[in-house]
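Observations on the three-dimensional arrangement
Chain by chain, the residues run as shown.
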Amino acid sequence: MDRCLECGEVVRMNDVTFAYNGIPVLEGVNLKVNCGDFLALIGRNGAAKSTLLKIMVGLLRPKSGEVRLFGRDIRNFRDWGLIGYISQNAGDINASFPATVAEVVASGYYGGLKGFLDRRARKNIIDEAMELVGIRDLAGRLIGELSGGQRQKVFLARALAKKPAALFLDEPTTGIDAAAREEFYRLLAHLNRERGMTIVIVTHDIGAAFTRAQKIGCVRDRHVYIHEQINEVDQNHIADVLGYRIGDDYVDL
Ligand SMILES: Nc1ncnc2c1ncn2[C@@H]1O[C@H](COP(=O)(O)OP(=O)(O)OP(=O)(O)O)[C@@H](O)[C@H]1O
Ligand SMILES: [Mg+2]
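Heads up: these notes are all about the structure in this document. (Residues numbered from 1 in each chain as written. Chains lettered and ligands numbered in written order. Predicted model: local features only at pLDDT ≥ 70, side-chain atom pairs only at ≥ 80, totals over all residues. Heavy atoms only, no water.)

1. Quick look at the pairing of strand S10 (residues 223–227)
Two strands pair when backbone bridges link them, and strand S9 (residues 215–220) and S10 are joined in this way by 5 bridges, in the antiparallel orientation. Of the residues in S10, the one forming a bridge with Val 219 is Val 224. In sequence, S9 turns back onto S10 through a hairpin of 2 residues, with Asp 221 there showing a positive phi of about 50°. (Pairing = 2+ DSSP bridges. Helix = DSSP H or I, 4+ residues; strand = E, 2+ residues; numbered from the N terminus.)

2. Remarks on helix H2 (residues 49–56)
Of all 8 residues that make up H2, 7 are buried, and the element is covered over most of its length. Among the residues of H2, Lys 49, Ser 50, Thr 51, Leu 52, Leu 53, Ile 55 and Met 56 are the ones counted as buried. Just beyond H2, the residue with positive phi is Gly 58, at close to 80°. (Buried < 20%, exposed > 50% of the residue type's maximum accessible area, 1.4 Å probe, protein only.)

3. Observations regarding the sheet that holds strand S7 (residues 166–170)
An order of S6-S7-S8-S3-S9-S10 is seen for the 6 strands of this open sheet, with the pairing classed as mixed. Because the sheet does not close on itself, it has two edges, and the strands there are strand S6 (83–86) and S10. Between one strand and the next, the sheet's axes are offset by a mean angle of 15°, whatever the strand orientation. Here 4 bridges tie S6 to S7, and the two strands are oriented parallel to one another. Each bridged residue has a counterpart across the sheet, and for Gly 84 the counterpart in S7 is Leu 167. (Axes fitted to C-alpha atoms, helices over the stretch in contact; angles between N-to-C directions.)

4. Side note on the site of ligand 1
Residues in contact with ligand 1 amount to 14 residues; listed here are only the nearest, Gly 46, Ala 48, Lys 49, Ser 50 and Thr 51. In the model, an oxygen atom of ligand 1 is placed 2.9 Å from a nitrogen or oxygen of the Ala 48 main chain. In this structure, an oxygen atom belonging to ligand 1 sits 3.4 Å away from a side-chain N or O atom of Glu 171. Protein chains bury 60% of the 640 Å² of accessible surface belonging to ligand 1 in isolation. The dominant element in the shell around ligand 1, judged by the number of residues it contributes, is H2, at 3 residues. (Near = heavy atom within 4 Å. Polar contact = N/O pair within 3.5 Å; in protein donor to acceptor, adjacent residues only side chain to side chain. Areas by Shrake-Rupley, 256 points an atom, 1.4 Å probe, with all protein chains shown as cover.)

5. What about the coordination of the magnesium ion (ligand 2)?
Here the magnesium ion (ligand 2) is held by the protein donor atoms Ser 50 (OG) and Gln 88 (OE1), which lie 2.0 to 2.2 Å from it. Here Ser 50, found in helix H2, pairs with Gln 88, found in the loop between S6 and helix H3 (101–111); they are 38 residues apart in sequence, far enough to count as distant. Assessed through its relative accessible area of 17%, Ser 50 is described here as buried. A relative accessible area of 33% places Gln 88 in the partly exposed class. (Donors = N, O, S within 2.8 Å, 3.2 Å for Na, K, Ca; no water.)

6. Concerning helix H5 (residues 148–160)
Each full turn of the α-helix corresponds to 3.6 residues, which orients residues three or four apart in the same direction. In this model, H5 (13 residues) spans 19 Å end to end at C-alpha, consistent with the 18 Å of a helix rising 1.5 Å per residue. Of all the residues in H5, the buried ones are Arg 151, Gln 152, Lys 153, Val 154, Phe 155, Leu 156, Ala 157, Ala 159 and Leu 160. (Expected span 1.5 Å × (residues − 1).)

7. Concerning unusual backbone geometry
Positive phi outside glycine occurs at Ala 48, with the angle close to 100°. Tracing the sequence through the fold places Ala 48 in the loop between strand S3 (38–42) and H2. One non-glycine residue with positive phi stands out, namely Lys 163, at about 50°. Within the fold, Lys 163 resides in the loop between H5 and S7.

8. Things to note about the nonpolar core
Within the largest apolar cluster, 48 residues are counted, with the highest numbers of intra-cluster contacts made by Val 105, Ile 135, Leu 156, Leu 167 and Leu 188. The residues touching Leu 188, leaving out its near neighbours within four places in the chain, are Phe 38, Leu 156, Leu 167, Leu 169, Ile 199 and Ile 201. Counting 33 residues, the second-largest nonpolar core is a separate cluster that includes Leu 53, Ile 55, Met 56 and Phe 168. (Core = buried A, V, L, I, M, F, W, Y, C linked by side-chain atoms within 4.5 Å. Contact = heavy atoms within 4.5 Å.)

This is the structure in structure tokens:
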């Protein structure tokens, strides 16, 4: 997290525009994610939330504008070990995929390119990530045999295995029951508050977003509107903008 202390910000976007096949989906986006932020990105299907997240983690390159990670132009950024990313539908895995939970979590560590550690030190890091997420008892199970909620936790542990300073999660709780979802968000809040981890999460769980995040980013009409304070007025406004009504059952506030 030293890099955070140096520049104070994880992501900065200046006038970012992105298009698929010439059709713009993001235009003139300016935003800043500070170190220690817990930002929830919300918006309707197709609003470009996943696209925005992929630009943040360098998987997509903007058509124009500037993206900076930890104070550095993303084109020159090399410290990918600082960043954990879980893609939308990461848990969609064939039931016969031949990897155990421990192997999947370990692959996150190798992705961090932390250099060589002896076997024991490596095992400790992987065990710690599984312990933190509460899946140590699943270590030897095949990933394809787990439930959706269990798989989400495995991918969180995988992202944590490289000890990132910032986590980017794209709808990590889709299809998970309310109790497991609550537990997942509690864990994210713990990582954010106790370990100073910056969290950017794309979610349709409006209730959880309002409860757990400190900031809300509405992705709408190719723009991103950041709400720094989540008060009741903002909640109603945001719900209105998104076409949700607070109190609707499916919003699950
Ligand atoms: N690879 C692609 N090629 C062309 N168009 C794409 C591609 N990926 C996404 N799009 C389009 O870009 C827009 C934004 O897509 P994106 O996946 O970022 O939306 P989203 O907000 O994440 O939606 P959801 O809530 O459904 O996940 C959509 O109109 C989508 O059809
Ligand atoms: Mg998406």
